[in-house]
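Residue-level structural notes
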Amino acid sequence: AASASGTGTGYSMYSGTVRPNTLKTSKGYQLDDTERGQAKVYDFKHTEDGAGATLFIDQDNVWGNGTPYDNQTAAVDAAYGAAKTWDFYKDVLHRNGIRADGKAAASNVHVAKGYDNAFWDDDTFAMYYGDGKRDAHPLTSLDVAGHELSHGLTAATAGLEYGNESGGLNEATSDIFGTSVEFYAKNSKDIGDYLIGEMIDINGDGTPLRYMDKPSKDAHGSADYWSPEVGNKDVHLSSGVANHFFYLLSEGSGQKEINGVKYDSPTKNGSKITGIGRDKAIQIWYRALTTYFTSTTDYHSARTGTLKAATDLYGASSAEANAVNSAWAGVNVKP
Ligand code: ASN
Ligand code: ZN
Ligand code: CA
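Residues numbered from 1 in each chain as written. Chains lettered and ligands numbered in written order. Predicted model: local features only at pLDDT ≥ 70, side-chain atom pairs only at ≥ 80, totals over all residues.

Right, let's talk about the overall build of the protein chain for a bit. In terms of regular secondary structure, the protein chain is built from 7 helices and 17 strands. Here the protein chain has a C-alpha radius of gyration of 20 Å; the compact-globule value for 335 residues is 20 Å, and the two agree. Projecting the C-alpha coordinates of the protein chain onto the three principal axes gives extents of approximately 60 × 40 × 35 Å. Counting all 335 residues of the protein chain, 53% fall into the buried class. The contacts in the protein chain between residues at least 6 apart in sequence include a share of 61% that link residues at least 24 apart. (Helix = DSSP H or I, 4+ residues; strand = E, 2+ residues; numbered from the N terminus. Rg over C-alpha atoms; globule rule 2.2 N^0.38 Å. Buried ≥ 20, exposed ≤ 12 C-beta atoms within 10 Å, placed from the backbone. Contact = placed C-beta atoms within 7 Å.)

Have a look at this one:
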């Protein structure tokens, strides 16, 4: 039978030494965070279908060793990502879990073999993480965890369809919240940035998967600006417009260095934009997502929705609402 939850010690892959909440049972300590909606982590044991998957259990409550060659390490990162995303939703968005019902999603690690991806599945209300290239780069970094879990948030709110411009907005929403979780966590090893997937070496050369200040830096065809064809792109490329909008709104145009990373964010019209800071920008995006966006919202209506959200929060001719207007103009989304 379960008794009190304790505080374990975890040696993560990407975030240093962390303190997972664990549940002490007669079988040992389990990765089950009873303070955060009973967030559990399961070992998929390199299967695709999870046949034989088990909850992580440990006898001394010391988990992982900071390398992918200890089976528990990826689980430590997954637990940490779930916990920080939970705390960000609660503290910053005042939201009690993905579905606002106090219940946590499950996290599954060691999914399949050499699987270089992670995904959210709304039907099972769970996260699935591959172990990455050569099974040595688990997809469990903080921004990826926040990204994937936030697909659940989008599904529970606006329900943005995963294709055309709404799909780009869905993807960008996950990048925006994933990055926000990373900044919120203030982890000294995985410090906040406007890069997505910089820890997981997905390209094999240390470069990140995506750049929010200038999405085209990825050289995979991410869009910096809106155009009539942008909705024909893959959703991970059309997302660039909204990622770029969010960067401009938060930090402004031009050169800037944050936590040791250099950014240089252009605008389509050459205009100079002064950012309002990410704390306000995320409130505007969250209110728009939960109040104005629908399953078919496109870039034009995302502009209208975020303007309404900024007006609700800060007033109609506030500096914040004006910055929303300017940042959309900067990425070529016009009235
Ligand atoms: N990791 C990808 C994503 O969350 C999985 C997918 O293509 N849906 O976007
Ligand atoms: Zn995604
Ligand atoms: Ca990042």
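Once that is clear, we can look at the pairing of strand E7 (residues 39-43). Counting buried residues along E7, 5 of its 5 residues qualify, which places the element largely inside the surrounding structure. Neither face of E7 is open: one carries Ala 39, Val 41 and Asp 43, the other Lys 40 and Tyr 42, and all of them are buried. The pairing of strand E6 (residues 32-33) with E7 spans 2 bridges and is classified as antiparallel. Bridging across to E7, Asp 32 finds its partner in Lys 40. Counting the residues in the hairpin turn of E6 and E7 gives 5 residues, including Gly 37, whose phi is positive at 70°. Direction of pairing for E7 relative to strand E11 (residues 106-109): parallel, over a ladder of 3 bridges. The residue of E11 that forms the bridge with Val 41 is Ser 107. Strand direction decides the pairing type here: E7 and strand E8 (residues 54-55), joined by 2 bridges, are antiparallel. Paired with Asp 43 across the strands is Thr 54, a residue of E8. (Pairing = 2+ DSSP bridges.)

We now examine the site of ligand 1. Surveying the vicinity of ligand 1 reveals the residues Asn 117, Ala 118, Phe 119, Glu 148, His 151, Glu 171 and His 236. Those elements that place two or more of their residues in the shell around ligand 1 are strand E12 (118-121) and helix H2 (142-156). The residue makeup of the shell around ligand 1, split by class, is 2 nonpolar, 3 polar and 2 charged. (Near = placed C-beta within 6 Å. Nonpolar A, V, L, I, M, F, W, Y, C, P; charged D, E, K, R; others polar.)

In this model helix H4 (residues 235-251) runs 24 Å from its N-terminal to its C-terminal C-alpha over 17 residues, within 8% of the 24 Å that 1.5 Å per residue would give. Of all the bends in H4, the greatest measures close to 30° and is centred on Val 241. Summarising burial for H4: 17 of the 17 residues are buried, a large majority. Just past H4, the residue Gly 252 takes up positive phi, approximately 90°. (Expected span 1.5 Å × (residues − 1). Bend = angle between axes of the 7 residues up to and from the residue.)

A word on the environment of Ser 238. With respect to the helices and strands, the residue Ser 238 is situated in helix H4. By the C-beta count within 10 Å, which is 30 here, Ser 238 ends up buried. Taking the C-alpha atoms as reference points, Ser 238 and Asp 87, 151 residues apart in sequence, are found 29 Å from one another. Residues within four places of Ser 238 in sequence aside, it is in contact with Glu 165, Gly 167, Gly 168, Ala 223, Val 230, Gly 231 and Lys 233.

We now examine the pairing of E12. Of the two faces of E12, only one is covered, namely that formed by Ala 118 and Trp 120; the face formed by Phe 119 and Asp 121 stays uncovered. Direction of pairing for E12 relative to strand E13 (residues 126-129): antiparallel, over a ladder of 4 bridges. When the sheet's bridge partners are listed, Phe 119 is paired in E13 with Tyr 128. Counting the residues in the hairpin turn of E12 and E13 gives 4 residues, including Phe 125, whose phi is positive at 50°.

Here we take up the domain arrangement of the protein chain. The domain architecture assigned to the protein chain consists of domain 1 (8-140) and domain 2 (164-330). A straight line from the C-alpha centre of domain 1 to that of domain 2 covers 27 Å. Between domain 1 and domain 2, the residue contacts involve 13 residues of the former and 15 residues of the latter. Broken down by class, the residue content of the side of domain 1 that touches domain 2 amounts to 5 nonpolar, 5 polar and 3 charged. (Domains from an automatic or database assignment.)

A pair of packed helices can be characterised by two numbers: the angle between their axes and the separation between those axes. Where helix H1 (residues 73-91) meets helix H3 (residues 164-185), the axes come as close as 9 Å, and the angle between the chain directions of the two elements is 95°. If you check the angle between H1 and H3, you find them roughly perpendicular. Of the residues in H3, those in contact with Lys 84, Thr 85 and Phe 88 of H1 are Ser 180, Val 181, Tyr 184 and Ala 185. Its residues assigned to classes, the contact of H1 with H3 shows 4 nonpolar, 2 polar and 1 charged. (Axes fitted to C-alpha atoms, helices over the stretch in contact; angles between N-to-C directions. Parallel < 35°, antiparallel > 145°, perpendicular 65-115°, else oblique.)

Let us look at the confidence of the model for the protein chain. On average, residues of the protein chain score 97 in pLDDT, and 98% of them reach the 70 mark or higher. ipTM for the predicted complex: 0.96, alongside a pTM of 0.97. (pLDDT = per-residue confidence, 0-100.)

Next up on the list: H1. With 19 residues, H1 ought to run about 27 Å at 1.5 Å a step, and its terminal C-alpha atoms sit 27 Å apart, in line with that. Among the 19 residues that make up H1, 16 are buried, leaving the element largely enclosed by the rest of the structure.

The next thing to look at is the packing of helix H5 (residues 278-292) against helix H6 (residues 299-314). Here H5 crosses H6 at 115°, and the two axes come no closer than 8 Å. Our classification of the angle between H5 and H6 gives roughly perpendicular. The crossing of H5 and H6 is right-handed. Across the interface between the two elements, Gln 283, Ile 284, Trp 285, Arg 287, Ala 288, Thr 291 and Tyr 292 from H5 touch Gly 305, Thr 306, Lys 308, Ala 309, Ala 310, Asp 312 and Leu 313 from H6. Of the residues in the contact of H5 with H6, the class split is 7 nonpolar, 4 polar and 3 charged. (Left-handed = near helix turned anticlockwise from the far one by under 90°.)

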